[in-house]
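# Report on the structure
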Amino acid sequence: MSFSDLGLMPELLRAVADKGYDTPSPIQLQAIPAVLSGRDVLAGAQTGTGKTAGFVLPILQLLHADTTHTNSRAPRALVLTPTRELAAQVAESSRNYGKYLQLRTYQIFGGVSINPQMTALRNGCDILVATPGRLLDLAQQRAVDLSKVQVLVLDEADRMLDMGFIPDIRRIIKLLPQKRQNLLFSATYSDDIRGLAERLLHNPLSIQVAARNSPIELVEQRAYRVQKEHKRHLLVHLIQEGKWHQVLIFTRTKHGANRLTQQLESAGIQAAAIHGNKSQGARVKALDMFKRGQVTALVATEVAARGLDIKELPQVVNYELPNVPEDYVHRIGRTGRAGSAGEAISLVSSDESGLLRDIERVLRRAIPTVNTPIFKILDSVPAPAQFQRPSHGASRQGSRGERPDSRRATGSGTGHAGSGGSGGSRHSGGSRHGSAVSRSGSGAGSSGNSGSRGGQTRGRFN
Ligand code: AMP
């Protein structure tokens, strides 16, 4: 099957060919003809499956062919996304695929000044890609007329639900014409998503991209057992020894993202953070530098990284495991995309053992725990305040297994990872090997159970 078999017009086929795609992905094979025929669609598909083209291409064609269109400046297609990054990416895809057509795409999201958006909306667009909150603000100020919307897309609906956008979405839907086409994309199906789909969609075509084809199958997953306070050192080691050039790293908090970015920079690794406290400009710049290879490590929080489209991302690191197991799937869906192999590496401290088990339950398979390599405890990668020892200034740059440095850094002397059993705030008594041969895994893994007593995050799954 090629794109031309899907009923797409020559201008779109040309744009697709320019991108170098010759075969439609499974979601595209099913979604494109369905959307072209005017049907509602409920699609279970993650980022990385090609879902964006699955709805953008047919929407462009429908709008181009729309003969009822007057010269109204009001958008005729509305795509709602959970994050500004995803909004920007969907809009960029739309402009890209629509470059041989005379259709205008515009994106709006919060976190930036509203006035330029009002001005731009006055000039009109055909496809509007928006985050719900800002769209509602603009609608309430009568800066956007949603009464001409023929196609509504909820992209990453599960994430919008998680982020509490459903009331906003309901309000937005009330501003749309009753008769319209609705497309709902979601990586997961909770009861809430099913409920939303039932209310929103009429006789939808249900598409589930088979797990076999999902990018997760292309991702080589592994976990290292490591003490919390050693994670940054192991990460530096992995990046440097593996000569990684483009790694996306997930932390749980914005503060943690900033701190790790600084620690990586101190170790000589070009790094940038991307999270909700950063201005839109700073986020776009960080992402751009990362995509262009000027930054090796992009440290991101879950929400900020949502929907990031970075091609053929070779490595994704879970510096901290996500609290919600499904987020693991989203995170690692950013690697191994469009047929290229990728690696997803999780650094698991003992207090995260419960989270790891929850993730494995959702995946219905074990994530192999591999031997933690020997790594240096680096002075140049300062410890977070709670682990800093008074003797800090006395240490030298660490070298492999150097005892004094290790001892300083850990309080028990080690360049050793995976000694396990210790929650982050206790020092491990099990790591007295100055020369730091690390065996990960079983020991740490089983003793890790006890570590979950610190696992304040587990309640939800028990
Ligand atoms: P998405 O799931 O929409 O985020 O797309 C994931 C990535 O796959 C993006 O970089 C797309 O540009 C790319 N892509 C989309 N469709 C295809 C295709 N048919 N063949 C190869 N790559 C594709």
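Residues numbered from 1 in each chain as written. Predicted model: local features only at pLDDT ≥ 70, side-chain atom pairs only at ≥ 80, totals over all residues. Heavy atoms only, no water.

## Some words on the overall build of the protein chain
Quick note on the threshold: Put simply, DSSP marks the helices as runs of H or I at least four residues long and the strands as runs of E at least two long, and each gets a number from the N terminus on. For every residue, the accessible area obtained with a 1.4 Å probe (protein chains only) is divided by the maximum for its type, and the residue is called buried under 20%, exposed over 50%, and partly exposed between those limits. Whether two residues are in contact is decided by their heavy atoms: any pair within 4.5 Å suffices. Only the protein chains shown count as cover for residues, and all accessible areas are computed by the Shrake-Rupley method using a 1.4 Å probe.
Helix and strand counts for the protein chain stand at 17 helices and 13 strands. Per-residue burial for the protein chain yields a buried fraction of 58% across its 462 residues. Restricting to contacts in the protein chain with at least 6 residues of sequence separation, those with at least 24 account for 74%. Total accessible area computed for the protein chain in this model is approximately 19200 Å², and 49% of it derives from carbon and sulfur atoms.

## Section: the pattern of salt bridges
We count it as follows: Note on definitions: salt bridges are taken to be side-chain nitrogens of Lys or Arg within 4 Å of carboxyl oxygens of Asp or Glu.
Per the counting criterion, the structure on display carries 17 salt bridges. When the shortest N-O distance is used, the salt bridge between Arg 76 and Asp 126 registers 2.9 Å. Within this pair, whereas Arg 76 is found in the loop between α3 (51-65) and β2 (77-80), its partner Asp 126 is found in the loop between α5 (115-123) and β4 (127-130), the two being separated by 50 residues in sequence. Both residues of the pair, Arg 76 and Asp 126, count as buried. Arg 361 is the partner of Asp 358 in a salt bridge, and the nearest nitrogen-oxygen pair spans 3.3 Å. With a gap of three residues between them, Asp 358 and Arg 361 both fall in helix α15 (residues 353-363), about one helical turn apart. Among the charged side chains, a network of salt bridges with common partners joins Lys 51, Asp 155 and Glu 156.

## Remarks on the pairing of strand β1 (residues 41-44)
The following threshold applies: When DSSP finds at least two bridges between two strands, those strands are taken to pair.
The two faces of β1 match: Val 41 and Ala 43 on one face and Leu 42 and Gly 44 on the other face are all buried. For β1 and strand β6 (residues 181-186), the ladder comprises four bridges, and the chain directions are parallel. Bridge pairing in β6 links Ala 43 to Phe 185. Pairing of β1 with strand β7 (residues 205-208) involves four bridges; the strand directions are parallel. Directly across from Ala 43, in β7, lies its bridge partner Ile 207.

## A short note on the packing of helix α10 (residues 231-241) against helix α11 (residues 254-266)
For clarity, the cut-off: Every angle, taken between N-to-C directions, lies between 0 and 180 degrees, and every axis is a line fitted to C-alpha atoms, over only the stretch in contact when it is a helix. Convention used here: angles under 35 degrees read as roughly parallel, angles over 145 as roughly antiparallel, angles from 65 to 115 as roughly perpendicular, and any remaining angle as oblique. Here is the rule for handedness: rotate from the far helix to the near one, and if that takes an anticlockwise turn smaller than a right angle the crossing is left-handed, while a clockwise turn gives right-handed.
Where α10 meets α11, the axes come as close as 10 Å, and the angle between the chain directions of the two elements is 50°. In terms of axis orientation, α10 runs oblique to α11. Once α10 is placed against α11, the crossing between them reads as right-handed. Contacts between α10 and α11 pair Arg 232, Leu 235, Val 236 and Ile 239 from the former with Leu 260, Gln 263 and Leu 264 from the latter.

## Let's talk about the site of the ligand
Let me state the cut-off plainly: Residues are classed as near a molecule or strand on a simple rule: at least one heavy atom within 4 Å of it. By the criterion applied in these results, polar contacts are pairs of N or O atoms within 3.5 Å in which, for protein atoms, one can donate a hydrogen and the other can accept it, and in which residues neighboring in sequence qualify only through two side-chain atoms. All amino acids are sorted into three groups, where Ala, Val, Leu, Ile, Met, Phe, Trp, Tyr, Cys and Pro are nonpolar, Asp, Glu, Lys and Arg are charged, and the leftover types, Gly among them, are polar.
Taken together, 15 residues lie around the ligand, and Tyr 21, Gln 28, Gly 48, Gly 50 and Thr 52 are the ones closest in. Within the side chain of Tyr 21, an N or O atom sits 2.2 Å from an oxygen atom of the ligand. The separation between a nitrogen atom of the ligand and a polar main-chain atom of Thr 23 is 2.8 Å. Here the ligand has 490 Å² of accessible area as a free molecule, and 87% of this is covered by the chains. Among the residues forming the shell around the ligand, the class breakdown is four nonpolar, eight polar and three charged.

## So, the confidence of the model for the protein chain
Applied cut-off: Here pLDDT means the predictor's own confidence in every residue, given as a number from 0 to 100.
Residues at a pLDDT of 70 or more form 77% of the protein chain, whose mean pLDDT is 79. The model gives residues 385-462 a pLDDT under 50, and that stretch makes 157 contacts with residues more than four places away or in other chains.

## Here we look at the sheet that holds β1
Taking strand neighbours across the sheet as the criterion, the seven strands line up as β3-β4-β2-β5-β6-β1-β7 in an open arrangement whose pairing is parallel. Unpaired on one side and paired on the other, β3 (105-108) and β7 mark the two borders of the sheet. Going across the sheet, the axis of each strand differs from the next one's by a mean of 15°, ignoring polarity. Inspection of the sheet shows strand β5 (residues 151-154) paired to β6 by four bridges, in the parallel sense. By the bridge assignment, Val 151 is partnered in β6 with Gln 181. Running at roughly 155° to β3, α5 makes contact with β3 and β4 of the sheet.

## Comments concerning the packing of helix α14 (residues 325-332) against α15
Direction vectors running N to C along α14 and α15 enclose 70°, while the axes themselves pass 8 Å from each other. Of the possible angle classes, the one that applies to α14 and α15 is roughly perpendicular. For the pair formed by α14 and α15, the contact residues are Pro 325, Glu 326, Tyr 328 and Val 329 on the first element and Asp 358, Ile 359, Val 362 and Leu 363 on the second. Looking at side-chain class alone, the contact of α14 with α15 contains six nonpolar, no polar and two charged residues.

## Some words on the side chain of Thr 131
When you line up the elements, Thr 131 lands in the loop between β4 and α6 (132-140). Beyond its immediate sequence surroundings of up to four residues, Thr 131 is in contact with Thr 81, Pro 82, Thr 83, Arg 84, Ala 87, Ile 108, Phe 109 and Gly 110.

## Quick look at α10
Of all the 11 residues making up α10, nine are buried; the element is thus mostly covered by neighbouring parts of the structure. Buried residues along α10 sit against β8 (219-225), β9 (247-251), α11, β12 (315-318) and β13 (342-348). A positive phi of about 50° marks Lys 243, the residue just after α10.

## Comments concerning helix α12 (residues 280-291)
Where we set the bar: Expected span, for any helix, means 1.5 Å times one less than how many residues it has. As used here, the arc is the angular range of directions from the helix axis to the C-beta atoms.
Over its 12 residues, α12 extends 16 Å from the first C-alpha to the last, a length consistent with the 16 Å expected when each residue adds 1.5 Å. For α12, the complete set of buried residues consists of Gln 280, Arg 283, Ala 286, Leu 287 and Phe 290. Seen along its axis, α12 keeps its buried residues to an arc of 130°; they face one direction. Looking at the buried side of α12, the elements it contacts are α4 (84-97), β9, β10 (271-274), β11 (297-301) and α13 (302-305). Positive backbone phi, at 85°, marks Gly 293, one or two positions downstream of α12.

## Comments concerning the packing of aromatic side chains
Filter applied, for reference: Centres within 6.5 Å make a pair out of two Phe, Tyr or Trp rings, where for Trp the six-membered ring is used; the pair is then stacked when the planes are under 30 degrees apart, edge-to-face when over 60, and tilted otherwise. Comment: the charge-over-ring label is applied if NZ (Lys) or CZ (Arg) is within 6 Å of the ring centre and within 35 degrees of the ring normal.
Per the counting criterion, the structure on display carries one aromatic pair. Here the aromatic rings of Phe 55 and Phe 185 are separated by 5.0 Å at their centres, their planes lie at 50°, and the arrangement is tilted. Of this pair, Phe 55 sits in helix α3 while Phe 185 sits in strand β6, and the two are 130 residues apart along the sequence. Assessed through its relative accessible area of 0%, Phe 55 is described here as buried. Accessibility expressed as a relative area gives 1% for Phe 185, which makes it buried. If you follow Arg 14 out to its NZ or CZ, it ends over the ring of Tyr 100, 3.8 Å from the centre. When the ring centre of Tyr 319 is taken as origin, the NZ or CZ atom of Lys 231, which lies over that ring, is 5.8 Å away.

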